[in-house]
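Chain residues, written in single-letter form:
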There are 2 protein chains.
Amino acid sequence: MPHVDARSNKTSIATAQDRFLRGFIFIALIAGDLAGLAADDTSAPQLRWQYVRPFVGTKGQGNTYPGPSAPFGMIQISPDTDKTNWDTDSGYKYTDPTILGFSLTHLTGTGCPDLGDFLFMPQVGTPSFVCGNKSAPETGYQSAFSHTDEEAAAGYYRVKLQKPGVVAELTAGERAGMLRFTFPAGDQSSIMIDLAHVIGPWRVAQSKVRILDNSTVTGFHLINGWAKERYLYFAARFSRPFDDTEIISSGKPVIYNTYRFRSHRDVSGTNLQFFAKFKTAQNEPIEVKVAVSAVDAAHALQNLEAEIPDWNFDAVKNGTREKWERELGKFDIDGTEDEKATFYTSVYHAFLAPNLYEDVSGEYRGFDQNIHRAEGFTAYTVFSLWDTFRATHPLFALVQTPRDADMINTMLAHYDQSADHMLPIWELQGNETWCMIGYHAVPVIVDAYFKGVKGFDARRAYEAIKTSALNPDYDSVAAYEKLGWVPCDKEDESLSKTLEYAYDDWCVAQMAKALGEQSDYDRFSKRAGNFRNVFDPSMGWMRPKDSQGRWREPFNAHTYGSETNSDLTEATSSQYSWFAPQDIPGLVSLMGGRDKFLERLDSLFTDTAATKELSPDDQRGCIGEYWHGNEPSHHVIYLYSCVGQPWKAAQRLHQLITTQYGDQPDSLCGNDDCGQMSAWYLFACMGFYPVCPGSSDYVIGAPQLKKVVMRLSNGKAFTVTAENLTNDNIYVQSVRLNGKDWASPYLPYNQLKDGGTLAFVMGPKPSRWAAE
Amino acid sequence: MPHVDARSNKTSIATAQDRFLRGFIFIALIAGDLAGLAADDTSAPQLRWQYVRPFVGTKGQGNTYPGPSAPFGMIQISPDTDKTNWDTDSGYKYTDPTILGFSLTHLTGTGCPDLGDFLFMPQVGTPSFVCGNKSAPETGYQSAFSHTDEEAAAGYYRVKLQKPGVVAELTAGERAGMLRFTFPAGDQSSIMIDLAHVIGPWRVAQSKVRILDNSTVTGFHLINGWAKERYLYFAARFSRPFDDTEIISSGKPVIYNTYRFRSHRDVSGTNLQFFAKFKTAQNEPIEVKVAVSAVDAAHALQNLEAEIPDWNFDAVKNGTREKWERELGKFDIDGTEDEKATFYTSVYHAFLAPNLYEDVSGEYRGFDQNIHRAEGFTAYTVFSLWDTFRATHPLFALVQTPRDADMINTMLAHYDQSADHMLPIWELQGNETWCMIGYHAVPVIVDAYFKGVKGFDARRAYEAIKTSALNPDYDSVAAYEKLGWVPCDKEDESLSKTLEYAYDDWCVAQMAKALGEQSDYDRFSKRAGNFRNVFDPSMGWMRPKDSQGRWREPFNAHTYGSETNSDLTEATSSQYSWFAPQDIPGLVSLMGGRDKFLERLDSLFTDTAATKELSPDDQRGCIGEYWHGNEPSHHVIYLYSCVGQPWKAAQRLHQLITTQYGDQPDSLCGNDDCGQMSAWYLFACMGFYPVCPGSSDYVIGAPQLKKVVMRLSNGKAFTVTAENLTNDNIYVQSVRLNGKDWASPYLPYNQLKDGGTLAFVMGPKPSRWAAE
């Protein structure tokens, strides 16, 4: 598919080394022993992982990182090109000229920076202890690099660092990974670990580094960051003994002190760098095994030793590729090479987070900062729930049900550990960031419950859901319960909160009903209708209302709020007014009926007032005021199908797919948000979308690939075909579901869960299918 | 015994409540159920714990604390009267007018401040968030108090706080304790926990407080203190539900924030106070169970629940008194009430530290900051080894052998966990403070080995000993090995280090020999003679020597070094020159023979030049330049016995016992140093002393009590009797050991280990016993 930005030079991520691997049969990959096999250098990749383009999203606002990670892995080793720019939240911007080093943890696609723990950087010559300035890299340890000397693939990253002349290669397993630095000859070669490096303007409250033996070091820092109190430990083992070591504290070498002995092998501080020093021969590779743990340094070392017992970089890389192949194999598609790259990269991005958060011992640092053992589940972290309740978790409920259950069990443990008795809002490494709004662990759990995700206790989950939804301390929930809306004179983002609470409450009600909790069902069903209370018929848009029931004056439905005082969450009312997924007919009626609803919906894609307020990067994600780059718009296009104009959905979907997605660094028009942007794409390709997670139905849009086979976690395959699909034939002409004609714009989960076929016939013009 | 300071008003530590307990038979105490038994109010206490005077050492430089602790307990709940004065190292000075509150951990007798974790303070009326000024207590939460309203006993402390009108009572078990606050009637009564309080000028790197339920709170802080990276957690459960709670961060209430929800139940920061708020009735007691853990808050809560399941303050107090009774019962004495108070208080102080450092689960935070499980031993902390190798551990090797083995196993674990591969120097809660000099874990272990302390692996211990003694990174050990002395131009405190290394090396040699390591024996025996290399015969004193073999010029044997550049460790050469306990005959010969040795030794007690440099408090501990208030002098008096003038030892011992010890707040003339000053006293009373720990002999001085029965850990009793002992009859006339005449000034361990009797006959004049 052509990318919205015309570019002549595509980033070559397929190097000779990767081409060499192409065509190898999967079994050889699994065996991990490729030596001696003849290359079958066919022109097209045979393996799905070969279509993964980790650079997608690294240019613009995608905020992805290019370095290797296992699926849902705990460690993400990736180059950092910045640590101070607020928008470089994953550490890497494709447009930056320098690399600061390679750190061990990264967030994928968030809109707030954090992590970037423990920066590894090779240096040659007199080492620098400071990062320096990217416009003058000689001022520090950072180095210029060129994308022509850079390569990123599933499980692998490589770059040549121009200043030291060192080639850096990275690979990552689940909790441990490897870095390989190939040095020039030098008497003063070194590998630095900067323990003070962190992505974002955060404070190192405490840090420690310990030299365990002649080739092993462990370290720790406690960061007051987006996550307020975040503990992370690492272990690093080098492939050859140190010739020398040095620890720098606040710019000064920590040396033996004859007056009062101070260890130079075990140093505490808040600004520490460790240097492993070597005399290197020309082209000498020095490898470093690394692992992280949130428990303690011993657990990091245990993770390292358990996961990477040998010195075999390729075995780690191939092991992770095997894992990716298995995960990517949940989908098969018919498509062009570019489409495959875009699709499998989207699967890749959708399967990066949440992240594994327990050690090989099964222990993890809980939300209460105590060390827990995950009994009967695997613990995860990084719950970007305001984003991922929409499409990511609904996708997991189909193709990642064991992990989805693990994530839900993690959330229930979080609830048990929470002093506020809340399910997570935006959890990050054992901390509640309280970022964004709503209580969207609820739709995640309720959707999973109704989609038959096994492995969590529904009664226990319901207790947590209900308590969270009734927490009187949380964001004016008490006033909302009393008034029927969140009052704009008492609470910021009140309009968004009212709308999202109402949807979450509908989810609570559905689970209450299923569990026979009739009074809860009644109570939450009533709250689910609260979206009606903030619709101003005179304006035709949702509108903030104060505690006296008065509308906000003045109010413009096409204006973004200020950062410090906004009625809406990163949005305008023209974007948010569509958020009543639990009752689309009710919303239609509220808006004055189908015609007025459609008129307004059409205008969303043509009005431009609000769009001008956005940054150029963000404007890329807009069609009128429809802003694909942020989540409140994500379900909106499918509303066309709900009201009998599926061809308009088809048109807009095709427009988005062909202009807002692709396989290039700038192919994401907004934060990938832990996979939500990518999961949206996968549903779009399959022609349906979870407009209302927790409900029994998906809404049909229009398929964007000729064929997608989705392998459900229960082993069944659900196949979507799109006969005659071309760039011109984008409109659904007819649909057959499991062999029968299907006239409804809704795809019931029951028709999908045991596998089957959704067969579209496409044509160049809107048809009468599902039309009203 | 009369105290050196004449005082008419002795502190009454026996209140009505305690008097009530007097005369109860021990079995009733053990049963813990005293209700219904009639009081037998005899005039003299029947129980040993009743002789414990916790105020001893709280005035002057003793640096003890008056609050309750179980023997070797992990928690020490005690009032703090200061946190900034460097000399108030245990938090309490008897002369201070105010109490800041009651914190949970305290060092006993150290010369450096730390601990004082988590200050509990009741307030009435509008609460203050700051400590305030002791000269104007209305500026903060501290309160004036009077010693007439104060009481301290084994396992119990009580004070009336004048400002709030609250009576505070404290008791402590091993890891958990209780505070009871009896309030006046008030609408605004509160109990504050100040998490930023710490004794000393230290930095709170991180802190956290969490309200778990309506009566339970946990918290944490990480302190960069004397211990550089010290983690401590607490749990506190209140006897009635909070009426309200408030958390203060840096002086401001942490409140619900409508823009971005911030929890007011789970707060991180560096300056936190928690307030439990109550409406109280007149004389309403509110109790708080507290516990600490170095592992995490969950372990603190587990310790609390396991150790104090019920709400029974007296049960905790009586349980601890029962433990003390058992420990104090290792000694029986004949003596006056004052002598009993002094003696049992000394036993009490000798048995306060090291401190238990593992949770009820068996887990502890290791020296590597990892969480370990103590397998096959009990973990301890607070190893003040430069002090305690002298008399405290040698005492443990007789009457606390299981604990001594546990402490040694803890030190071996420390060695395993040490990045420097060192046995501890001065360990504090999982940190090496590197305080003081030498490698005195060596004599502790070697003495225990030769005294038959079972339960540690001698080969493993020897490996740790040898590695520690050969560490080329440590305080010029490499130069010392090469030159035969620590060069004064390369290393501070070089003279003290040379002397102490040599003694430690002699200990290594003895163990090497026992284990058949002949070449090690030779190597370390050679090093053991290194004290000879720093004796300047022209001066007649030990003298610093530089790396070229030149004596320090100028050098005055009667001058203390400066704090930043000293050849000696808190001492003069006139004090340190006596430190070659491993070879007294060699030292005598070095000094020019017995006569010159004695002349010089006599002069130590009459020279006064150096003494004038000391503070008035420290001068109290001096007899001439003999400075009992600091450890380098501690073995010196017994040298008189070694050279045939035991009557001079007798004279000085009697002088010290009658002027430097007692049962009053100022009865310690120097830092108790984790029990060393007190253990010295116990040996002195028994008439012998471990001049050279690790050797087979003690040196006989002169008994100071008519009878002491010491119950060895093997169940045998060793009895010392002193027939005719009075304040006039202080000289040994004859000795019978196990029924036979004993003419030697040495008491072999072999004659003691199976129990027996050391029978002195005392007289008013020096005799020919052991005279030369």
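Bear in mind the structure is a predicted one, so any value in this text is a computation, not a measurement.

Criteria and thresholds
- Residues numbered from 1 in each chain as written.
- Chains lettered and ligands numbered in written order.
- Predicted model: local features only at pLDDT ≥ 70, side-chain atom pairs only at ≥ 80, totals over all residues.
- Heavy atoms only, no water.
- Helix = DSSP H or I, 4+ residues; strand = E, 2+ residues; numbered from the N terminus.
- Buried < 20%, exposed > 50% of the residue type's maximum accessible area, 1.4 Å probe, protein only.
- Contact = heavy atoms within 4.5 Å.
- Areas by Shrake-Rupley, 256 points an atom, 1.4 Å probe, with all protein chains shown as cover.
- Lys, Arg positive; Asp, Glu negative; His and termini not counted.
- Charge placed at Lys NZ, Arg CZ, Asp CG, Glu CD.
- Pairing = 2+ DSSP bridges.
- Buried area = accessible area lost by both parts, 1.4 Å probe.
- Salt bridge = Lys/Arg side-chain N within 4 Å of Asp/Glu carboxyl O.
- Nonpolar A, V, L, I, M, F, W, Y, C, P; charged D, E, K, R; others polar.
- Least-squares fit on C-alpha atoms with pLDDT ≥ 70 in both.
- Axes fitted to C-alpha atoms, helices over the stretch in contact; angles between N-to-C directions.
- Phe/Tyr/Trp six-rings, centres within 6.5 Å; stacked < 30°, edge-to-face > 60°.

Undergrad: Can you lay out the overall build of chain A for me, pointing to particular residues and giving the numbers?
TA: Within chain A, the secondary structure is distributed over 20 helices and 38 strands. Taken over the C-alpha atoms alone, chain A extends approximately 80 × 60 × 50 Å along its principal axes. Put simply, chain A has 772 residues, and 68% of those count as buried. Residue pairs at least 24 apart in sequence account for 70% of intrachain contacts in chain A once pairs closer than 6 positions are excluded. Summing over all exposed atoms, chain A offers an accessible surface of approximately 23800 Å²; the carbon and sulfur share of this is 49%. Where the 72 positive side-chain charges of chain A centre and where its 95 negative ones centre are 1 Å apart.

Undergrad: Can you tell me about the pairing of strand β14 (residues 244-249) of chain B, naming the residues and giving the values?
TA: Residues and elements named next belong to chain B. Across six bridges, the pairing between β14 and strand β17 (residues 272-280) is antiparallel. Pairing of Ile248 across the sheet is with Gln273, part of β17. Where β14 lies against strand β15 (residues 252-253), two bridges are found, and the strand directions are antiparallel. Counterpart to Ile248 in the pairing with β15 is Pro253. Two successive antiparallel strands, β14 and β15, enclose a turn made up of two residues, where Ser250 displays a positive phi of approximately 50 degrees.

Undergrad: Tell me about the interface of chain B and chain A, and please be specific about residues and values.
TA: Counting residues at the interface gives 53 residues for chain B and 54 residues for chain A. Regarding the contact of chain B and chain A, the summed buried area is about 4400 Å², with carbon and sulfur atoms giving 42% of it. Joining chain B to chain A, the criterion identifies two salt bridges. Those elements that provide at least two residues to the side of chain B that touches chain A are β11 (203-213), β12 (216-224), β16 (266-269) and α3 (297-307) of chain B. Tallying contributions element by element places β11 of chain B first for the side of chain B that touches chain A, with eight residues. Considering only residue class, the side of chain B that touches chain A consists of 17 nonpolar, 16 polar and 20 charged.

Undergrad: Account for unusual backbone geometry, naming residues and giving values.
TA: A cis amide bond links Glu553 of chain A to the next residue, Pro554 of chain A, at an omega of -15 degrees. A cis amide bond links Ala353 of chain B with the next residue in sequence, Pro354 of chain B, at an omega value of -5 degrees. Considering the arrangement of structural elements, one finds Pro354 of chain B in the loop between α5 (337-350) and β20 (355-356). Even without a glycine there, the phi angle at Glu570 of chain B is positive, about 50 degrees. For Glu570 of chain B, the position within the fold is in the loop between β28 (541-542) and α14 (573-576).

Undergrad: Describe the relation of the copies chain B and chain A, naming the residues involved and giving the relevant values.
TA: Once chain B is rotated about the relating axis by 180 degrees and shifted along it by 0.0 Å, it coincides with chain A to within an RMSD of 0.0 Å. Look at the turn and shift together and you get a two-fold axis relating the two. For chain B, the smallest separation between a C-alpha atom and the rotation axis is recorded for Ala205 of chain B, amounting to 2.8 Å. Interface overlap between copies is the fraction of interface residues in one copy that are interface residues in the other; for chain B against chain A it reaches 100%, indicating a shared surface.

Undergrad: Report on the pattern of salt bridges, specifying residues and quantitative values.
TA: Residue and element names in this part refer to chain A. A full pass over the atoms with the stated rule returns 88 salt bridges over all chains. A salt bridge links Glu322 to Arg326; the nearest nitrogen and oxygen atoms lie 2.5 Å apart. Residue Glu322 and its partner Arg326 are both found in helix α4 (residues 313-328); the two are separated by four residues, about one turn of the helix. When its relative accessible area of 52% is taken as the criterion, Arg326 is described as exposed.

Undergrad: Lay out helix α20 (residues 676-686) of chain A in plain terms, naming residues and giving numbers.
TA: Residues and elements named next belong to chain A. Most of α20 is tucked away: eleven of the eleven residues are buried. If you check which residues of α20 are buried, you get Gln676, Met677, Ser678, Ala679, Trp680, Tyr681, Leu682, Phe683, Ala684, Cys685 and Met686. Of the residues flanking the end of α20, it is Gly687, one or two places downstream, whose phi is positive at about 85 degrees.

Undergrad: Summarise the environment of Ala196 of chain A; cite the residues concerned and give the values.
TA: All names here are of chain A. Tracing the backbone shows Ala196 in the loop between β10 (186-194) and β11 (203-213). Residues Ala196 and Ser249, 53 residues apart in the sequence, show an inter-C-alpha distance of 9.8 Å. Setting aside anything within four residues of it in sequence, one finds Ala196 in contact with Val204, Thr270, Asn271, Leu272 and Gln273.

Undergrad: Describe the sheet that holds strand β36 (residues 740-741) of chain B, listing the residues and the values that go with them.
TA: Residues and elements named next belong to chain B. Judged by pairing direction, the sheet is mixed, and its six strands sit side by side in the order β19-β33-β34-β38-β35-β36 without closing on themselves. Edge positions in the sheet fall to β19 (331-334) and β36, since each of these pairs with one other strand and no more. With six bridges joining them, strand β34 (residues 717-723) and strand β38 (residues 756-763) adopt parallel strand pairing. Bridging from a neighbouring strand, Val720 pairs with Leu758 of β38. Packing against the sheet, α5 makes contact with β19 and β33 (707-711), and its axis sits at approximately 160 degrees to β19.

Undergrad: How would you explain the packing of aromatic side chains if you had to name every residue and give the values?
TA: Counted by the stated rule, this structure contains 98 aromatic pairs over all chains. Plain terms: the ring middles of Phe351 of chain A and Phe396 of chain A are 6.2 Å apart, the flat faces sit at 50 degrees to each other, and that makes the pair tilted. One end of the pair, Phe351 of chain A, is in the loop between α5 (337-350) and β20 (355-356); the other, Phe396 of chain A, is in helix α7 (residues 392-399), and 45 residues separate them in sequence. Of the residues examined, Phe396 of chain A reaches a relative accessible area of 0% and is grouped as buried. Look at Phe120 of chain B and Phe234 of chain B: their rings are 6.1 Å apart centre to centre, the planes differ by 80 degrees, and that puts the pair in the edge-to-face class.

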